[in-house]
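Each chain, letter by letter, is given below.
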Amino acid sequence: MTRTAQEVAVILKEIYNQKFGDDECEKYRLGWPDLRGIAGVGRLEEPLITEISEQLAESGYALIPLSNFLLVGYKRDFSDARKLPARLLERYLPGEIADDDDVDDEEFIDD
């Protein structure tokens, strides 16, 4: 039985709240075949993964696809990640950044 993205997201959130691996309410990983099984599909297409991710994001969760598995977590699970300091960021910026007058930021704003 094929499930909707919303149904899959609900299941992934329920799994998040289960106790396993001596932890409860912690980020977890699952394999691509596991997600296919939960979704009830033979092949995971990008639109379905995006929809599941969006459904999770609405509740503050994240679905992070990696090459061999996916991570599911709540936004607070990632809050302890180290923050990129400005001094390091500046090392990797291009030489000169255009003046504000030369850039039309409106093209980057979602309506």
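Higher on the page you've got the structure.
Quick caveat, the model's predicted, so the values are computed rather than measured. (Residues numbered from 1 in each chain as written. Predicted model: local features only at pLDDT ≥ 70, side-chain atom pairs only at ≥ 80, totals over all residues. Heavy atoms only, no water.)

Student: Help me understand the nonpolar core in this model?
Tutor: A general trend in soluble globular proteins is that nonpolar side chains are found buried together. Core analysis: the largest hydrophobic core is formed by 19 residues, its most contacted members being Val8, Leu12, Leu30, Leu35, Ile52, Leu56 and Leu63. Of all elements in the fold, only α1 (5-16), β3 (28-31), α2 (32-39), α3 (46-58), β4 (61-65) and β5 (69-74) reach the threshold of two or more residues within this core. By residue number, the principal contributor to this core is α1, which donates five residues. Once residues within four sequence positions are removed from consideration, Val8 is found in contact with Arg3, Leu35, Ile38, Ala39 and Ile52. (Core = buried A, V, L, I, M, F, W, Y, C linked by side-chain atoms within 4.5 Å. Buried < 20%, exposed > 50% of the residue type's maximum accessible area, 1.4 Å probe, protein only. Helix = DSSP H or I, 4+ residues; strand = E, 2+ residues; numbered from the N terminus. Contact = heavy atoms within 4.5 Å.)

Student: Would you take a moment to explain the packing of aromatic side chains for this structure?
Tutor: Here the structure, examined in full by the defined rule, presents four aromatic pairs. On the basis of an interplanar angle of 85° and a centroid distance of 5.3 Å, the ring pair of Tyr16 and Tyr61 is categorised as edge-to-face. Of this pair, Tyr16 sits in helix α1 while Tyr61 sits in strand β4, and the two are 45 residues apart along the sequence. For the pair shown, Tyr16 and Tyr61 are each scored as buried. Each member of the aromatic cluster is reached from another via a ring pair, and the members are Tyr16, Tyr61 and Tyr74. Directly above the aromatic system of Phe69 lies the positively charged group of Arg29, at a separation of 4.8 Å from the ring centroid. (Phe/Tyr/Trp six-rings, centres within 6.5 Å; stacked < 30°, edge-to-face > 60°. Lys NZ or Arg CZ within 6 Å of the ring centre and 35° of its normal.)

Student: Before we go on, may I ask you to explain the pairing of β5 in this structure?
Tutor: The side chains of a regular strand alternate, first on one face of the sheet and then on the other. Pairing between β3 and β5: four bridges, direction antiparallel. Note that in β5 the partner of Arg29 across the bridge is Leu71. Bridge count between β4 and β5: five bridges; the pairing is antiparallel. Its bridge partner lying in β5, Leu63 is registered against Val72. Remark: three residues form the turn of the hairpin made by β4 and β5, two consecutive strands paired antiparallel. (Pairing = 2+ DSSP bridges.)

Student: Explain a nonpolar patch on the surface to me, please; I cannot follow it from the model alone.
Tutor: There is a patch of nonpolar side chains on the surface, built from Leu84, Leu89 and Leu93 and spanning about 260 Å² of accessible area. Within the fold, Leu93 resides in the segment after α4 (86-92). Judged by its relative accessible area of 38%, Leu93 is partly exposed. (Patch = residues over 30% accessible without salt bridge, like charges linked within 9 Å, V, L, I, M, F, W, Y side chains within 5 Å. Areas by Shrake-Rupley, 256 points an atom, 1.4 Å probe, with all protein chains shown as cover. Salt bridge = Lys/Arg side-chain N within 4 Å of Asp/Glu carboxyl O.)

Student: Explain unusual backbone geometry to me, please; I cannot follow it from the model alone.
Tutor: As a rule of thumb, non-glycine residues mostly have phi less than zero, and peptide bonds are mostly trans rather than cis. Phi is positive for Asp22, which is not a glycine, with a value near 65°. Mapping Asp22 onto the fold places it in the loop between β1 (19-20) and β2 (23-24). Unusually for a residue other than glycine, Cys25 sits at a positive phi of about 55°. Examined against the element boundaries, Cys25 turns out to sit in the loop between β2 and β3.

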